[in-house]
Amino acid sequence: MRSIVDFAPDDVILDRAAILGSQGIPGDADLTDNFERIYSEAIDLYQELAQPAGIVSGITISRFEEVFRGEGRNEPANPVEDIFRRSGYLALFAVTLGAVLSSRVTELFNNGDYASGYMLDSVSSFAADKLTDLAAAYLKLELTDKDPAASSWRVLGYSPGYCGWHISGQKKLFEVLRPDETGITLNESCLMSPIKTVSGVLIAGPGEIHEFVNSYPFCDTCRAKSCIGRMRNL
Amino acid sequence: MELLEQISENLQNGFDEKVAALTKDAVEKQIHPKEILQNGLIAGMNVVSKKFKNHDIFLPDVLLAARAMNSAMEVLKPLLIKEGIPIRGKVVIGSVKDDLHDIGKNLVAILLKGAGFEVIDLGNDVPAEKFISTAMEENAHVIGMSALLTTTMPVMKKVVDLAKDEGLYGRVRIIVGGAPVSKEYALEIGADAYSYDGANAVETVESFFPVNS
């Protein structure tokens, strides 16, 4: 399968507690009027400017091995390798919020409106991550349509730059995925454009394949620690 | 309320236009630029920093205050230069060669300016040589580098090595940051410091300078 998927800005539930949490703000914090105004403006701008879209493209395990290997710079031991080998289905993906929203963030910073730029960037980063979940949900529906047994599977996204998959892996991933028709491109520095874009592999299979002990050497320096929440929700 | 107190209070609330207007007012009333800077603007930013550390306010509030500080500095800077009053310190900052990520670096630049430092922002994709040549030309006190990719981090070491070659090492302090960068990496390449976020970067740069210098 290879599908271009269009989402609506409303498809992403903007979880206020999670967005503020990503800024290090506790749920019970007493926020200033200025803060509330900027937050509310950022939400409005997101709804107005986001053009979420994505591409999901199935890939065999043997072909993905080559993609994952990339330039041969992955960590020798990493969880992704163990997980994808036990998967029921794999798909490369890229999702984006579009160029207009990313440009507005830059524009706000350039105009000296730092607080609004920071807030819109924060809301957009959260939304871009959530788009991965939407792409995973889309894939699960497709798989379940073909085989009802897939309804019990869990589909999770893994991206270059995380969990021992070296960022240079983006090059091979883009070479195979060819997401150009969604307007997503990759430059020499492995930076995706538009900025608010996520790419990687969606790994589908029984929930337990996604479980691992997060004690790899690179886990020490990882600040995201998103694996903990993901595994808790399996 | 005294004029300098009004400047401080409005800065804390992020009212940039009001702060600029009050600063002009203070200049017209012959209040010395250094006094406006110390007892109005920096006094206000100190309160903001304290509240931020105590989690009474958060980064967007600090950024509003920083913008207000910058608007006042537009008024004050020519006068400070004319009077030969030294600014707090000069920082050359940029995202390293082949790294086009700049939000984090921009935040650090904004917060440093807000804290009263002069910031020369070289932007992103900055070659190692550019950091060094600018630091030399501008007599900078600090070089700040950001990298968001593991592939671009080695440029940071190149800058440190060039600083050694050019005799800047030790004289110009080098601070590094960015998602894949760590304290251990900073130590390994010979940088003076690592900062994990914008507020920490300001604290670290401030620690390089004696109080009120």
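Predicted model only: the values in this text are computed from it and were never measured.

Quick look at the overall build of chain A now. Helix and strand counts for chain A stand at 8 helices and 7 strands. Dimensions of chain A, computed from C-alpha atoms along their principal axes, come out at roughly 55 × 40 × 35 Å. Out of the 234 residues in chain A, the part that is buried amounts to 51%. Across chain A, the fraction of contacts at a sequence separation of at least 24, relative to all contacts at a separation of at least 6, is 78%. With an accessible surface of roughly 10800 Å², chain A has 49% of that area assigned to carbon and sulfur atoms. Between the centroid of the 21 positive side chains of chain A and the centroid of its 32 negative side chains there is a distance of 6 Å.

Residues and elements named next belong to chain B. An order of E2-E1-E3-E4-E5 is seen for the 5 strands of this open sheet, with the pairing classed as parallel. Lying at the two open borders of the sheet, with one neighbouring strand each, are strand E2 (118-121) and strand E5 (193-195). Put simply, the sheet's adjacent strands are angled 25° from each other on average, direction ignored. By the bridge criterion, 4 bridges tie strand E1 (residues 90-95) to E2 in an arrangement that is parallel. Bridging from a neighbouring strand, Val-91 pairs with Val-119 of E2. Sitting on the sheet, helix H5 (residues 103-114) touches E1, E2 and strand E3 (142-146), and the angle it makes with E1 is about 165°. On top of the sheet, helix H9 (residues 198-207) reaches E1, E3, strand E4 (173-177) and E5; it is set at about 155° to E5, its chief contact.

What follows concerns unusual backbone geometry. Residue and element names in this part refer to chain A. Put simply, Ser-193 and Pro-194 share a cis peptide bond, and its omega is -5°. Secondary-structure assignment places Pro-194 in the loop between strand E6 (192-193) and strand E7 (197-205). One non-glycine residue, Cys-163, lies in the positive phi region at around 55°. Its location among the elements puts Cys-163 in the loop between strand E4 (154-158) and helix H7 (169-177). Positive phi, normally seen in glycine, also occurs at Arg-178, with a value near 45°. Counting through the fold element by element, Arg-178 comes out in the loop between H7 and strand E5 (185-186). Given the relative accessible area of 48%, Arg-178 is considered partly exposed.

Cut-offs applied
- Residues numbered from 1 in each chain as written.
- Chains lettered and ligands numbered in written order.
- Predicted model: local features only at pLDDT ≥ 70, side-chain atom pairs only at ≥ 80, totals over all residues.
- Heavy atoms only, no water.
- Helix = DSSP H or I, 4+ residues; strand = E, 2+ residues; numbered from the N terminus.
- Buried < 20%, exposed > 50% of the residue type's maximum accessible area, 1.4 Å probe, protein only.
- Contact = heavy atoms within 4.5 Å.
- Areas by Shrake-Rupley, 256 points an atom, 1.4 Å probe, with all protein chains shown as cover.
- Lys, Arg positive; Asp, Glu negative; His and termini not counted.
- Charge placed at Lys NZ, Arg CZ, Asp CG, Glu CD.
- Pairing = 2+ DSSP bridges.
- Axes fitted to C-alpha atoms, helices over the stretch in contact; angles between N-to-C directions.

Distances and angles like these do not, on their own, reveal function.
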